[in-house]
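Commentary on secondary and tertiary structure
Here is how the chains run, residue by residue.
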Amino acid sequence: MENWITDIMEQFGYIGVFLMIALENIFPPIPSEIILTFGGFMTTYTSMTVPGVVAAATLGSVVGAVILYGIGRLLDVERLEKIVERWGHILRVKKEDISKADAWFDKYGYWTVLFGRMVPLIRSLISIPAGMSNMKFGMFLLFTTIGTLIWNVILVTVGAMLGESWEDIVAFMDVYSHLTYAVIAVALVVLLFLFFRKRKNSA
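All values derive from a computational prediction rather than experimental measurement.

What counts as what
- Residues numbered from 1 in each chain as written.
- Predicted model: local features only at pLDDT ≥ 70, side-chain atom pairs only at ≥ 80, totals over all residues.
- Heavy atoms only, no water.
- Helix = DSSP H or I, 4+ residues; strand = E, 2+ residues; numbered from the N terminus.
- Buried < 20%, exposed > 50% of the residue type's maximum accessible area, 1.4 Å probe, protein only.
- Areas by Shrake-Rupley, 256 points an atom, 1.4 Å probe, with all protein chains shown as cover.
- Phe/Tyr/Trp six-rings, centres within 6.5 Å; stacked < 30°, edge-to-face > 60°.
- Axes fitted to C-alpha atoms, helices over the stretch in contact; angles between N-to-C directions.
- Parallel < 35°, antiparallel > 145°, perpendicular 65-115°, else oblique.
- Left-handed = near helix turned anticlockwise from the far one by under 90°.
- Contact = heavy atoms within 4.5 Å.
- Nonpolar A, V, L, I, M, F, W, Y, C, P; charged D, E, K, R; others polar.
- Core = buried A, V, L, I, M, F, W, Y, C linked by side-chain atoms within 4.5 Å.
- Patch = residues over 30% accessible without salt bridge, like charges linked within 9 Å, V, L, I, M, F, W, Y side chains within 5 Å.
- Salt bridge = Lys/Arg side-chain N within 4 Å of Asp/Glu carboxyl O.
- Expected span 1.5 Å × (residues − 1).
- Polar contact = N/O pair within 3.5 Å; in protein donor to acceptor, adjacent residues only side chain to side chain.

Another aspect to go through is the overall build of the chain. On a plain count of helices and strands, the chain comes out with ten helices and zero strands. For the chain, the succession of helices and strands along the chain, N to C, is α-α-α-α-α-α-α-α-α-α. For the chain, the residues scored as buried account for 40% of the 203 residues in total. Accessible surface computed for the chain: about 11,400 Å², of which carbon and sulfur atoms make up 71%.

Now the structure itself:
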């Protein structure tokens, strides 16, 4: 996959960066770390610049995020509640649980979107609950852009600084990604355990 990504970027320049990052947002298994750090490296031997790569990557990220936000709006909380109303007895989930989750996102959603844009996997998927909770589109764009810009500036700049050794940061980010996935997995297990224990005690 790495060779495919770098080939497209070398062939299409800024447009390649834009397309790869937009696709990465919609299809998380594509690693943004490779796209951004290699984009930084490309500024050392092409006419591309760090601000240009950051701008193309940020635009691509926002476009991808908006698409997932739109999917979230189509799913919306009301439709999810109807599904839970019908199948919740099997999933052991109530409409009230959905409402509580939605209320939590309404309260902390903006900051979740901001910091979530700097966490692998979460950076893509966070747009869906933002859409489902009907987060104000203007605020979603603002916090998405800020979080994305920070992430992009750091990785593109590091890639430019390391030059031909840009893959060193990819290896480091690989460790960061795996640690993140492990933390997410543990958090999900703990949340599920607490959720079902609460349900059992209240039954």
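This next bit is on the packing of aromatic side chains. All chains considered together, the criterion is met by eight aromatic pairs. Connected via pairs of aromatic rings, a cluster forms that spans Tyr110, Trp111, Phe115 and Phe143.

Before going further, it helps to examine the packing of helix H3 (residues 32–42) against helix H9 (residues 137–162). Two elements in contact, H3 and H9, have axes whose closest approach is 6 Å; the angle formed by their N-to-C orientations is 50 degrees. By the criterion of interaxial angle, the relationship of H3 to H9 is oblique. Considering only the axes of H3 and H9, their crossing is right-handed. Seen from H3, the contacting residues are Ser32, Glu33, Leu36, Thr37, Gly40 and Phe41; seen from H9, they are Trp151, Asn152, Leu155, Val156, Gly159 and Ala160. Residues that form the contact of H3 with H9 fall into these classes: six nonpolar, five polar and one charged.

Our focus in this paragraph is the nonpolar core. Among the nonpolar cores identified, the biggest contains 23 residues, and Ile5, Met9, Val17, Met20, Ile35, Leu36 and Phe38 are the most heavily contacted of them. Where this core is concerned, the elements lending two or more residues are helix H1 (2–12), helix H2 (14–26), H3, helix H4 (50–75) and H9. Among the elements that make up this core, the one with the highest residue count is H3 (six residues). If sequence neighbours within four positions are ignored, Val17 has contacts with Met9, Ile35, Met48, Val53, Ala56 and Ala57. Formed by ten residues, the second largest nonpolar core is a distinct cluster that contains Val113, Leu114, Met135 and Phe143.

Here we come to a nonpolar patch on the surface. On the surface, Trp4, Leu23, Ile26, Phe27, Leu59, Val63, Ile67, Ile71 and Leu75 cluster together to form a nonpolar patch covering roughly 770 Å² of accessible area. Among the elements of the structure, H2 and H4 are those that each provide at least two residues to the nonpolar patch. The element best represented in the nonpolar patch is H4, accounting for five residues. In this structure, Leu59 sits in helix H4.

So, on to H4. Under the 1.5 Å per step criterion, the end-to-end length of H4 is 37 Å for 26 residues, consistent within 8% with the ideal 38 Å. The backbone nitrogen of Gly52 lies 3.1 Å from a side-chain oxygen of the residue at the head of H4, namely Thr49.

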